[in-house]
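Summary of the model geometry
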Amino acid sequence: MNTLVAFLTMVIFPGGLFLLFVGMMYEWLDRKLVARFQNRIGPRWFQPIADNVKLLAKEEVLPEGVHPQLFYVLPVIALSGALTAALYVPMFGFEPATSFNGDLIATIYLLSLLTLSMGLAGANTLDRYSLVGATRTLTQLFSYEAPFLLALLGPALIAESWQIGEINDYARDHWFILTQPIGFVVALIGLMGKLELPPFDAPEAETEIVAGAMTEYSGRGLALFHLGKGVELVIGLSLVAAFYLGGLANPIDFVVKTVLLLGFLASVQALMTRLRIDQTVGLWWRYGALLVLTQYLVVIIVEGTIA
Amino acid sequence: MDINKTWQGVLDQVKTWARVNSPWAIHYNSGSCNGCDIEILATLTPRYDAERLGVKLEGSPRHADVLICTGPVTRQSRERLIRIYDQMPEPKFVIAVGACALSGGAFQGCYNIMGGIDEVIPVDVFVPGCPPRPEAIIDGVVKLLGQLQGGVSAEPVTLTEESVPAPQGVKPGLA
């Protein structure tokens, strides 16, 4: 019986199929919102499903000069990392499927696996566009990761727990967006950097470097990376909503809060133009990290005075 | 055996549905005057919004399903056109846009021209016009998708030195 439950947890909810489907739906919503902001009609609701099925059914070209095993295995690692991270997150407002002390750190590193795999995938090929894309992907990884982590640790400090489930419970009657507004903004912008959404899409800038690290990927590999990104979008949104927007108590809560955040992300995407990679790094280290550290200082001082 | 056949049929239907609903395009100019290229870009603007049909312009040939070609094929761009075609994964389709892409158009008979796109790579849909309006280009895409839906399967074509005419007076492979 336990095995069956564990199996269902991994394959259906919240692990596998369900999360892939929700990821594709959120990707569609994002594209549709951006399209509406640009006065377009936008894609139909099944567009990401059709895209991914088509890519899965396409030929996968193995380019010359790549390490074949690495080429095939990297997309799988990326997607499995993102799916595993979902087990520790209060997906759809339910309790996390499993948790241990410190799973916040584990989740954040599982989410980084996608970016890391993309960087390695780009560096694996001989194509110059892939190499430039890989360099930019990894540069961006090093710039957003620290502020993003720090921004998520802010609520953890107050809740005195590094367990996502416990922080979520604590956040239900403490809206951290009011007490730590800087952390909220940094976490949200960090999520955009993580997903390489505009204005942080320098790593895959199609006007300069074709498709960045993904240039040589076709068919299945590309589909798995796409799916991974969709899954990461959902997990990232639910993490930020759980930490800063008063926790995720039930499915309605989940949908309302994450869709609100997605609307915000879509409007920023439609408003802003692409930042150069050096501007991205500067933004994160000069402003993002420093602002969050300042907020830490304030939080610790206030905590000390009260206690 | 029977179940296998049904399963295969359903799988094929799903594949065709996905292909019809998600044609990602790459655009290549093999010697056009840019008139057709501007019309193709106009097709992708919010006014015509090709994304509602699932059309997306991709930069990399590895991601694309449909190669949209404009212009006559000049001797210089012949090799590059073939290379781009070879880089695309199967199944792949080609749309030739504009009078020059169909036959060489205004450039027909020029010393530096191979002729239309179909002299060099197999073409699925021809869109006439000089330049064709965005409506005509969308119509071409829809015709291609209709062809796909009708079960006209695209057979893989391997280009060889023999099947592609070399420019006159130039040795194959050295052009």
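Residues numbered from 1 in each chain as written. Chains lettered and ligands numbered in written order. Predicted model: local features only at pLDDT ≥ 70, side-chain atom pairs only at ≥ 80, totals over all residues.

What follows deals with the confidence of the model for chain A. Caution applies to low-pLDDT parts of the model: their predicted coordinates are not meant to be read in detail. Of all residues in chain A, 98% attain a pLDDT of 70 or more, and the chain-wide mean is 84. Across chain A, the secondary-structure element scoring lowest on mean pLDDT is helix α1 (residues 2–11) of chain A, at 73, and the one scoring highest is helix α3 (residues 47–56) of chain A, at 89. (pLDDT = per-residue confidence, 0-100. Helix = DSSP H or I, 4+ residues; strand = E, 2+ residues; numbered from the N terminus.)

What follows is about the sheet that holds strand β1 (residues 24–29) of chain B. Read across the open sheet, the five strands follow the order β2-β1-β3-β5-β7 (chain B); overall the sheet is parallel. With partners counted over all chains shown, the strands left at the sheet margins are β2 (56–57) and β7 (125–127) of chain B, one partner each. (Pairing = 2+ DSSP bridges.)

It is worth spelling out the pairing of strand β3 (residues 66–70) of chain B at this point. Residues and elements named next belong to chain B. In terms of burial, β3 is largely enclosed, as five of its five residues are buried. As defined by bridge partners, β1 adjoins β3 across five bridges and the pair is classed as parallel. If you follow Tyr 28 over to β3, its bridge partner there is Cys 69. Taken together, the five bridges between β3 and strand β5 (residues 93–97) define a ladder with parallel strand orientation. Looking at β5, one finds that Leu 67 is bridged to Val 94. (Buried ≥ 20, exposed ≤ 12 C-beta atoms within 10 Å, placed from the backbone.)

What follows concerns the interface of chain A and chain B. How big an interface is tends to be reported as the loss of accessible area on association of its parts. The partner chain B presents 17 residues to the 27 residues of chain A that form the contact. It is α3 of chain A that contributes the most residues to the side of chain A that touches chain B, five residues altogether. Taken together, the residues of the side of chain A that touches chain B sort by class into eleven nonpolar, seven polar and nine charged. (Contact = placed C-beta atoms within 7 Å. Nonpolar A, V, L, I, M, F, W, Y, C, P; charged D, E, K, R; others polar.)

Turning next to the environment of Ile 117 of chain B. Residues and elements named next belong to chain B. As for its placement among the helices and strands, Ile 117 is situated in the loop between β6 (113–115) and β7. Along the primary structure Ile 117 and Ser 22 are separated by 95 residues, whereas in three dimensions their C-alpha atoms are 24 Å apart. Setting aside residues up to four positions removed in sequence, Ile 117 forms contacts with Cys 69, Val 73, Val 94, Ala 96, Ala 101 and Val 123.

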